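In case you want the letters, here they are:
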Amino acid sequence: MSASITVFLIAVPMALGLSLAVGAPLEAGLVAAAVGGIVAGLFGGAPLQVSGPSAGLTVVTAELIQIYGWRTTCAITIGAGLLQILLGTLRVARNALAVSPAIVHGTLAGIGVAIALAQLHIMLGGSPQSSVVANALALPGQLAVIGGAAPFIGALTIAVVLLWPRLPGRVGRTARRIPAALASVVIATAVAAVAAPGLARVDLPSWRSHAFPELPHGPVLALATAVFTVMLVAGLESLLAAAAVDRLAADRAREPVKPSSPTSGSATAVPPQRSDLDRELRGQGVANTLSGLLGGLPVAGGVVRGAANVRAGATGRASSVLHGVWVLLAAALLVTVFEWIPLAALAALVMVVGVQMVSFAHIRNVHRHREFPVYAATVAGVIGFGALAGVALGVAVAVVVSLHRLGRTTITVSEQDGRHVVTVHGQLTFLSVPRLTRALGQLPPGADATVELDGSFMDHAAYEAIQAWRGAQIAQGGSVAFTGRSGGSIALAGRSDGGVALTGRSGGVAAPTVAAAHSCCRPWTPWRNHHCHDRPARPTHTASTTSAISTTSLTETVTFTPGSAPDTARPESAHRLRSGLTSFQRNTAPLVRDELARLASEGQSPSQLFITCADSRLVTSMITASGPGDLFTVRNVGNLVPPPHALPTDSPPTGTPPTDAPATPTAPATGDDSVAAAIEYAVEVLRVESITVCGHSGCGAMQALLRGEPEAGPDRPRTPLWRWLRHGLPSLERMASRRHSWARISGRLPADEVEQLCLTNVVQQLEHLRAHEAVARRLAEGTLQLHGMYFHVGEAQAYLLTEGADSGAGHDEVFDRVGTEGPEPAAARPTTCSTAHPTTCTTG
């Protein structure tokens, strides 16, 4: 109810102002507002969108009225509505969103300029001309004879519209509940009644003389073009407005909702309702058909009305329908009140709407995407030739810009270390074949050459040119290598459309042969197919002493002695680092720069502390589907959480612990504070809502714990790695202790002793976490949650820990498999293991 009243107070002055702007009978705007609200509200597919007279159709409608008259324009509106119904039935509405945003925003901006210039003449006390150019040329003369009260009332209306939302203080907050459009018209009407009683005002004729449509007469092709134009502009405006209203509703749903009273409990946000665009197009068609039959303006959905509806708290289509009912009642009962409104006030209100249609945010956006020429051409076309011609001109310029980008290929030739390098930036099509062959012809016959292809497509003509040149080079004793922009070799893979995809290969130097496609790295997921270029296998370095430590990294086991890292890996590592950084700056940085700039200015507010292993195979952002600013991550060897009083660093080496050993260390000692510092900062300063300890399969730290610590002595002191791993001894003791049940996986047995220790380690580290003072306090307050997680790397499968009522009292701890719809229920737990015999498990 409240939302419908808010939208009604905006819609009435807008309906009267748009009728005035197009030269239609003033009651035609009220008819369109009522029909749009009731009919489109009932039959449309965007429940929160509010339809009514379209600002985007102002120029089109005004031109139609001048050419064909009002009654034929109503018939054209009927035809446009029937065409919308047909297209909605054919389910093509979603395809309308494929039109470049630069064309859509350019069309609306051109129409906005036309509206503003025409209404400026009325606000200054004159009359608008027949075209935008004529209005612009006549403006100096209009300014020369300015006078009377109309400009003052118009300026007052504009000032109230712009300043009303910015009123300060408590009075301002109360006043802002009244829409700015209504406040400006009311204030201007009151001032005009006192200061300028003779000013021209709204003249609503009797409904008995209301004009209805007639059979159209005129050239068939011209009428068909008019119908298509009204359908296109109204349809695009409605569908884009529906998408915008959906986004506003989704943003509102994510905001916390305050309870309406102290006793009402916690309120919940209404989930957003996604629009059915085909149904919305059919609903707009029904509304336009009925509006034309009743002598109303063309109808379209509007962002202004829809945004006001969402912000006022609307939850469904009832507010739109009720708003139409209020407009209908006002048209019947408030005619006398409407006739007090000065025409200058309505003209100024519509002029503000027209100026606001030229959005600088849209201009910056299209400029950022290098589509400003399309935008400018569309604006110029709409201003100079009309809406349909402007759209056609924008589409033509968009096609030219796309072809220019497709054919804009840079080819350079250089020489590096005695080898000729041909670098190609861009797509290789038939348009670039002359430049390509000219560049390849500069290379000496039989010379060794590298062709670096920085693109993703090559058509058949370019492929044949490269094949012929390569064959000639090899026949004369030369060699040819093809590489991507990162330096790795690639293959030229044939495509079903006749082109050639540039793809990476895993071994050797690729010649331009047809090979299986292999997607290159995507900017938002640089980890995907990160072996796009050849990388030689890393050697296994074996230590010559018995005190070497074996650690698992990536997919191979490397045995090394501390301090004996091979120097041969440094050049390759440096190249890989530089290549990765270059790829980030080229592909990913432009996409994330705005988001990172926002985070840099607002500061971080992550929701989770994520403690996991330093293993290189564990990509935390990937497995948690998180982005910048979401996770506060702590990584260390073995995902260990030292308790507040850690193990003594000088305690004697431990072999196999006794079966009745305590689960936690008791001897106080100087421990490691880095993890504790991160926990304190995340819990006390960042106020995270949850802490997750994540283990993983094949953990090298757990394998080392199972093997036991190498013998230490005066001549062989304990290494830093083992001084750290001793924080994991309580996990080893827990697994062997009779006081605790085994942590296990629901639905299958642990694969081996290593996996069992990985699971147990997560449970034990959670107990260490509870011992930290800050964590214990937040847990007692009920403002913090702890989670255990296990990730099986080879299966790409996550498991979440489901704990008993008191995990320290012997209850089961089961890791449930996370499926595509969430964790599987923990009711079926078929695995039962003996704590006395770690290898004895039964299923049942």
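To be clear, the structure that these remarks concern was listed above.
**Quick look at the nonpolar core**
Then, in step 1: Formed by 63 residues in total, the largest nonpolar core has its most connected members in Leu16, Ile76, Met123 and Phe338.
Then, in step 2: If one sorts the elements of this core by residue count, helix H1 (residues 2-22) sits on top with nine residues.
Then, in step 3: Leave out the neighbours within four places in its chain, and Phe338 touches Val12, Leu16, Leu30, Val202, Leu204, Ala330 and Ala331.
Then, in step 4: Core analysis: the second largest hydrophobic core is formed by 46 residues, Cys613, Phe632, Trp722 and Leu801 among them.

**A short note on the sheet that holds strand E4 (residues 419-425)**
Then, in step 1: The strand order E3-E4-E5-E7 describes an open sheet built from four strands, whose pairing is mixed. Only two strands of the sheet have a single neighbouring strand rather than two, namely strand E3 (410-416) and strand E7 (480-483). Ignoring strand direction, the axes of neighbouring strands in this sheet form an average angle of 20°.
Then, in step 2: Looking at chain direction, E4 and strand E5 (residues 449-454) are connected through six bridges and run parallel. Looking across to E5, one finds that Val421 is bridged to Thr450.
Then, in step 3: The strands that helix H20 (residues 433-440) touches are E3 and E4; relative to E3, the one it contacts most, it runs at about 15°.

**Observations regarding empty space enclosed by the protein**
Rolled over the atoms, a probe with the dimensions of a water molecule shows which regions are left empty.
Then, in step 1: Considering all chains together, one arrives at four cavities of 30 Å³ or more under this definition.
Then, in step 2: Of the pockets and cavities examined, the largest cavity occupies roughly 80 Å³.
Then, in step 3: Around the largest cavity, the lining residues are Val104, Thr107, Leu108, Val233, Leu236, Glu237, Leu240 and Val391.
Then, in step 4: At the level of elements, helix H6 (101-123) and helix H11 (220-254) are the ones that each hand at least two residues to the lining of the largest cavity.
Then, in step 5: The leading source of residues in the lining of the largest cavity is H11, at four residues.
Then, in step 6: Of the residues assigned to the lining of the largest cavity, the class counts are six nonpolar, one polar and one charged.
Then, in step 7: Each pocket or cavity is described by its volume, and for the second largest cavity that value is around 50 Å³.
Then, in step 8: Taken together, Leu18, Val22, Pro53, Ser54, Leu57, Thr58, Thr61, Leu297 and Pro298 make up the full set of residues lining the second largest cavity.
Then, in step 9: Taken together, the elements giving at least two residues each to the lining of the second largest cavity come down to H1 and helix H3 (58-68).

**Some words on the pattern of salt bridges**
Then, in step 1: On inspection of all chains with the given rule, the structure shows eight salt bridges.
Then, in step 2: The salt bridge partner of Arg91 is Asp278, with a shortest N-O separation of 3.8 Å. With Arg91 in the loop between helix H4 (70-89) and helix H5 (93-96) and Asp278 in helix H12 (residues 277-293), the pair connects residues that are 187 residues apart, well separated along the chain.
Then, in step 3: Overall, Asp278 belongs to the buried group, its relative accessible area being 8%.
Then, in step 4: Glu767 is paired through a salt bridge with Arg734; the nearest N and O atoms lie 3.3 Å apart. Here Glu767, found in helix H28 (residues 753-770), pairs with Arg734, found in helix H27 (residues 729-736); they are 33 residues apart in sequence, far enough to count as distant.
Then, in step 5: Owing to a relative accessible area of 2%, Arg734 belongs among the buried residues under this scheme.

**Section: a nonpolar patch on the surface**
Then, in step 1: A contiguous nonpolar surface patch, about 330 Å² in accessible area, is contributed by Phe212, Leu290, Leu293 and Leu294.
Then, in step 2: Counting through the fold element by element, Leu290 comes out in helix H12.

**Focus on the layout of surface pockets**
Then, in step 1: Of the voids in this model, the second largest pocket is the one considered here, and its volume is about 1,800 Å³.
Then, in step 2: For the lining of the second largest pocket, the secondary structure elements donating two or more residues are H1, H6, helix H8 (150-163), helix H10 (180-195), H11, strand E2 (299-301), helix H13 (303-311) and helix H16 (343-356).
Then, in step 3: Here the lining of the second largest pocket takes eight residues from H11, the largest share from any one element.
Then, in step 4: Here the residues of the lining of the second largest pocket sort into 35 nonpolar, eight polar and seven charged.

**Side note on helix H17 (residues 360-368)**
Then, in step 1: Between the side-chain oxygen at the start of H17 and the backbone nitrogen of Ala361 there is a gap of 3.3 Å, and the oxygen is on Ser359.
Then, in step 2: One or two positions beyond H17, positive phi appears at Arg370, with a value near 60°.

**Topic: the packing of helix H18 (residues 372-385) against helix H19 (residues 387-407)**
The relative placement of two packed helices comes down to the angle between their axes together with the axis-to-axis distance.
Then, in step 1: Running from N to C, H18 and H19 cross one another at 155°; their axes reach a closest spacing of 7 Å. Between H18 and H19, the interaxial angle falls into the category roughly antiparallel. When the axes of H18 and H19 are compared, the crossing they make is right-handed. In this structure, H18 uses Pro373, Val374, Ala377, Thr378, Gly381, Val382 and Phe385 to contact H19, whose residues at the interface are Ala387, Ala389, Gly390, Leu393, Gly394, Val397, Ala398 and Val401.

**Brief notes about H27**
Then, in step 1: Among the eight residues of H27, seven are classified as buried, and the element is accordingly described as predominantly covered.
Then, in step 2: Every buried residue of H27 is accounted for by Leu729, Pro730, Ser731, Leu732, Glu733, Arg734 and Met735.
Then, in step 3: Buried residues in H27 make contact with helix H25 (700-707), helix H26 (720-725), H28 and strand E18 (813-819).

Parameters at a glance
Residues numbered from 1 in each chain as written. Predicted model: local features only at pLDDT ≥ 70, side-chain atom pairs only at ≥ 80, totals over all residues. Heavy atoms only, no water. Core = buried A, V, L, I, M, F, W, Y, C linked by side-chain atoms within 4.5 Å. Buried < 20%, exposed > 50% of the residue type's maximum accessible area, 1.4 Å probe, protein only. Helix = DSSP H or I, 4+ residues; strand = E, 2+ residues; numbered from the N terminus. Contact = heavy atoms within 4.5 Å. Pairing = 2+ DSSP bridges. Axes fitted to C-alpha atoms, helices over the stretch in contact; angles between N-to-C directions. 1 Å grid on protein atoms, 1.4 Å probe; cavity = no way out; pocket = protein on both sides within 12 Å on 5 of 7 lines; lining within 4 Å. Points joined across faces, edges and corners; volume = space filled by probe spheres on them. Nonpolar A, V, L, I, M, F, W, Y, C, P; charged D, E, K, R; others polar. Salt bridge = Lys/Arg side-chain N within 4 Å of Asp/Glu carboxyl O. Patch = residues over 30% accessible without salt bridge, like charges linked within 9 Å, V, L, I, M, F, W, Y side chains within 5 Å. Areas by Shrake-Rupley, 256 points an atom, 1.4 Å probe, with all protein chains shown as cover. Polar contact = N/O pair within 3.5 Å; in protein donor to acceptor, adjacent residues only side chain to side chain. Parallel < 35°, antiparallel > 145°, perpendicular 65-115°, else oblique. Left-handed = near helix turned anticlockwise from the far one by under 90°.

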